Each structure stands twice: as structure tokens, then as C-alpha cells.
Amino acid sequence: MDATLTSRIETEAKALGFELVRVAMIGGKSDPTLQVMAERPETGQLDLGDCEALSRRISDILDEMEADGRDPVEGAYRLEVSSPGIDRPLTRLKDYSDWQGHEARLKLAREVDGAKQVTGDIEGVEGETIFISGSQGTRSIPFDAIHSAKLLLTDRLIAATQPLSTEGADELVEAPLDAADQPELQEEE
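Residues numbered from 1 in each chain as written. Predicted model: local features only at pLDDT ≥ 70, side-chain atom pairs only at ≥ 80, totals over all residues. Heavy atoms only, no water.

Caption draft 1: Quick look at the sheet that holds strand E3 (residues 78-82). Ordered by their spatial adjacency, three strands build an open sheet running E1-E2-E3, and the pairing between neighbours is mixed. The two strands at the open ends of the sheet, each matched to only one other strand, are strand E1 (19-26) and E3. Between one strand axis and the next, the sheet turns by 15° as a mean value, whatever way the strands run. In terms of strand pairing, strand E2 (residues 33-39) meets E3 through five bridges, oriented parallel. The residue bridging leucine 34 from the neighbouring strand is leucine 79, located in E3. Of the strands in this sheet, E2 and E3 touch helix H2 (residues 48-67), which is tilted by about 145° from E3. (Pairing = 2+ DSSP bridges. Helix = DSSP H or I, 4+ residues; strand = E, 2+ residues; numbered from the N terminus. Axes fitted to C-alpha atoms, helices over the stretch in contact; angles between N-to-C directions. Contact = heavy atoms within 4.5 Å.)

Caption draft 2: Examining helix H1 (residues 3-15) more closely. For H1, which comprises 13 residues, the first-to-last C-alpha distance of 18 Å matches the rise-based estimate of 18 Å (1.5 Å per residue) to within 8%. Elements in contact with the buried residues of H1: E1, E2 and H2. Downstream of H1 by a residue or two, glycine 17 has a phi angle that is positive, lying close to 90°. (Expected span 1.5 Å × (residues − 1).)

No statement about biological role is implied by the geometric values presented.
Structure (C-alpha cells):
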């Protein structure tokens, strides 16, 4: 990704009070998409209004760069601005501290202790090293060896995260229902 564009997007995100999580081109040649993920530091999320505000600012930057003959993205593409979501990517060292105790999958840029992929619980961070506890024991993974990483959707992660708002939800279920509480399904004849 173009470092100048990422820096400009980060400046706009910070001006709105957000932290930039990731800027990436996704979708390949069939559906090129400039994906921008950001979050409010206090919630780890963005609401729709936040996404709209950041999207407008990024669109203005892209238009300005194109008008100056410095189009950072060649050809047609989509702009996608979103919150990182529950099974979020882990792109910054602080993400591993923030999500300690949760399960993650790390794809490595180079082999570390014979592995190119590691899955397990984030045990902690020390300096530039992330500790992941999995079936092979606890592994020490240098931050610069990580190509990509994300949290895995688990019951523990779901329990630890809450939406910004439940407006529009008919009912918020906080615990799974047992079989006796499940509605009976009627078969059509």
C-alpha cells in the first residue's frame, strides 16, 4: 500500500478521534477495493456515522491526489470504510496486548520454530515478541515475522465484546437458551 496515502488516511482518522487499524487493497483484479479499518480507541468500534465521516474525508484525499496527478490507486476500485469487527485483524503490536487471552491465527512471513502458521491463545507481549499458547506449547513469535493475523471467533470473544448500540434489536440474548426454552418449529403440511 502507498505509504503517503496511508499516512494521509491516518491523519484524517486521527482528526476525527479514530485510530487506524488497517489500509489494504483487497479483492484482486475482479473487485479491487481500498479497505480502510479504523476504530474509536474507547470502544474498538465505529458506528455508521463514523464510517460515513471518514469515508468522505478519504474520498476528498483521493480526489485531491488524483487532481494533482498522483492517483494512488490505478483504475476503478471501491472504497470500503469499516470497523474492524469482532474477528478483527491484528495489525499493531498493541492489538496483541489489548486482546490477550483470546485465540488468534497468525500467518508468518517466515518460518518460526518450524511453523509458517500458528494458532492459539495470545498469552502476552514482551518488547517486540508475542507469546502464543497452542497445542505445541507456548511459542515466541517476533512481531516482524507476522505476515497477517486475526482473532478467531469463539464464545469467549463473543462474551468479551458488546455492540455499541442494540437499537433496532428485538431482543438481546445474553446466555444460550436450553432446549426447554427453544420455540417449537411447526412443520408445514
